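Coordinate inspection notes
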Amino acid sequence: MIVDLKSISRSPRHFDLMIQPDWWHASDGNEQIQGLEGPLNAKISVSREDNRYTVNGHVRGRLRVVCDRCLEAYTLAVSRDFRLVLLPDALLDPLQSETELEKDDLAVGFVADEKIDLDDIIREQIYLSLPMKLLCRKDCAGFCSRCGVNLNVETCKCSEKVGHPAFLKLKALKIREEL
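Described in the following lines is the structure provided in the data block. (Residues numbered from 1 in each chain as written. Predicted model: local features only at pLDDT ≥ 70, side-chain atom pairs only at ≥ 80, totals over all residues. Heavy atoms only, no water.)

A few words on the environment of isoleucine 126. Tracing the sequence through the fold places isoleucine 126 in helix H1 (residues 118-129). On the accessibility criterion, isoleucine 126 (1% relative accessible area) is buried. Spatially, the C-alpha atom of isoleucine 126 lies 7.6 Å from that of valine 59, the residues being 67 residues apart in sequence. (Helix = DSSP H or I, 4+ residues; strand = E, 2+ residues; numbered from the N terminus. Buried < 20%, exposed > 50% of the residue type's maximum accessible area, 1.4 Å probe, protein only.)

Structure (structure tokens):
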């Protein structure tokens with residue numbers, strides 16, 4: 001959904017969106033999120049403050065994601081509040097090659113043609129809501145590094161005594177305790 005920022009005034013304009021599962025398309029090279037598990041709710045308000053625009057919102061729903069350890073798909077609930085500050089590109093000085101950014105400037109985004117795409121903002125917030133490591137459960141055992149069996153489903157038949165050949169001689173050493 002494209003929002004023309006020229007039509008935004010000081011009083012917030014509210015958008016209450018119910019996004020259907022067929023909306024999500026996996027981006028190239030990232031199949032971590034397989035899609036939406038049911039509808040996604042997004043409540044967004046856009047307002048203007050002098051020459052900047054403020055986007056406040058909340059995204060809530062369920063995603064179909066892939067576990068980082070066992071590569072099985074599972075459902076992850078997401079709920080994220082966000083606030084974005086946007087400035088028009090026209091405020092940037094094109095002749096100035098370097099600009100020192102202050103800490104507050106890092107939270108500011110720029111818009112080129114005074115239009116924003118709410119779909120892009122929602123997609124970005126979904127990615128930002130993901131944990132660093134996606135695990136189907138806290139005790140996910142993943143795969144056996146030798147035979148590749150999913151340890152959550154079946155027991156590995158690999159020998160526990162196998163080790164790196166360079167260290168096999170160390171197993172024969174015995175430590176003497178001195179009194």
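Text resumes after the structure shown.
Applying the stated criterion across every chain yields a total of 4 salt bridges. Arginine 10 is the partner of aspartate 50 in a salt bridge, and the nearest nitrogen-oxygen pair spans 3.0 Å. Of this pair, aspartate 50 sits in the loop between strand E4 (40-49) and strand E5 (52-66) while arginine 10 sits in the loop between strand E1 (2-4) and strand E2 (13-19), and the two are 40 residues apart along the sequence. You can call aspartate 50 exposed: its relative accessible area is 57%. A residue is classified by how much of its surface remains accessible, and arginine 10, at 59% relative accessible area, is exposed. Note that lysine 43 and aspartate 16 form a salt bridge whose closest N and O atoms lie 3.7 Å from each other. Of this pair, lysine 43 sits in strand E4 while aspartate 16 sits in strand E2, placing them 27 residues apart in sequence. Classification of lysine 43 as partly exposed rests on a relative accessible area of 48%. Overall, the relative accessible area of 59% leaves aspartate 16 in the exposed class. (Salt bridge = Lys/Arg side-chain N within 4 Å of Asp/Glu carboxyl O.)

Ile116, Ile122 and Ile126 are the most contacted members of the largest nonpolar core, which totals 36 residues. If you list the elements that add at least two residues to this core, you get E2, strand E3 (33-36), E4, E5, strand E6 (73-88) and H1. No other element matches the 6 residues that E6 contributes to this core. (Core = buried A, V, L, I, M, F, W, Y, C linked by side-chain atoms within 4.5 Å.)

Our next topic: H1. With 12 residues, H1 extends 16 Å between its outermost C-alpha atoms, agreeing within 8% with the 16 Å of an ideal straight helix rising 1.5 Å per residue. At the N-terminal boundary of H1, the capping side chain belongs to aspartate 117, with an oxygen 3.1 Å from the backbone nitrogen of aspartate 119. (Expected span 1.5 Å × (residues − 1). Polar contact = N/O pair within 3.5 Å; in protein donor to acceptor, adjacent residues only side chain to side chain.)

The subject of this paragraph is the side chain of asparagine 41. Mapped onto the elements, asparagine 41 comes out in strand E4. Assessed through its relative accessible area of 19%, asparagine 41 is described here as buried. Apart from residues lying up to four places away in sequence, asparagine 41 is in contact with Leu17, Met18, His58, Val59 and Arg60. (Contact = heavy atoms within 4.5 Å.)

Let us now look at unusual backbone geometry. Glycine aside, negative phi is the norm for most residues, and most peptide bonds take the trans geometry. In this structure, aspartate 50 takes a positive phi of about 55° despite not being glycine. You will see that leucine 71, though not glycine, has its phi angle at about 65°, which is positive. Structurally, leucine 71 is set in the loop between E5 and E6.

For the rest of this paragraph, the subject is the packing of aromatic side chains. In this description, an aromatic ring pair is defined by two values, namely the gap between the centres and the angle between the planes. Considering all chains together, one arrives at 2 aromatic pairs under this definition. Note on tryptophan 24 and tyrosine 127: the rings are 5.6 Å apart at their centroids and 55° apart in plane angle, and the pair reads as tilted. Of this pair, tryptophan 24 sits in the loop between E2 and E3 while tyrosine 127 sits in helix H1, and the two are 103 residues apart along the sequence. Relative accessible area serves as the criterion here: at 6%, tryptophan 24 is assigned to the buried category. The exposure class assigned to tyrosine 127 is partly exposed, which follows from its relative accessible area of 27%. Clustering of aromatic rings is evident, with ring pairs tying together Trp23, Trp24 and Tyr127. One residue, arginine 123, lies across the ring of tryptophan 23, its end atom 4.6 Å from the ring centre. (Phe/Tyr/Trp six-rings, centres within 6.5 Å; stacked < 30°, edge-to-face > 60°. Lys NZ or Arg CZ within 6 Å of the ring centre and 35° of its normal.)

Shape is all these values report; function is a separate question.
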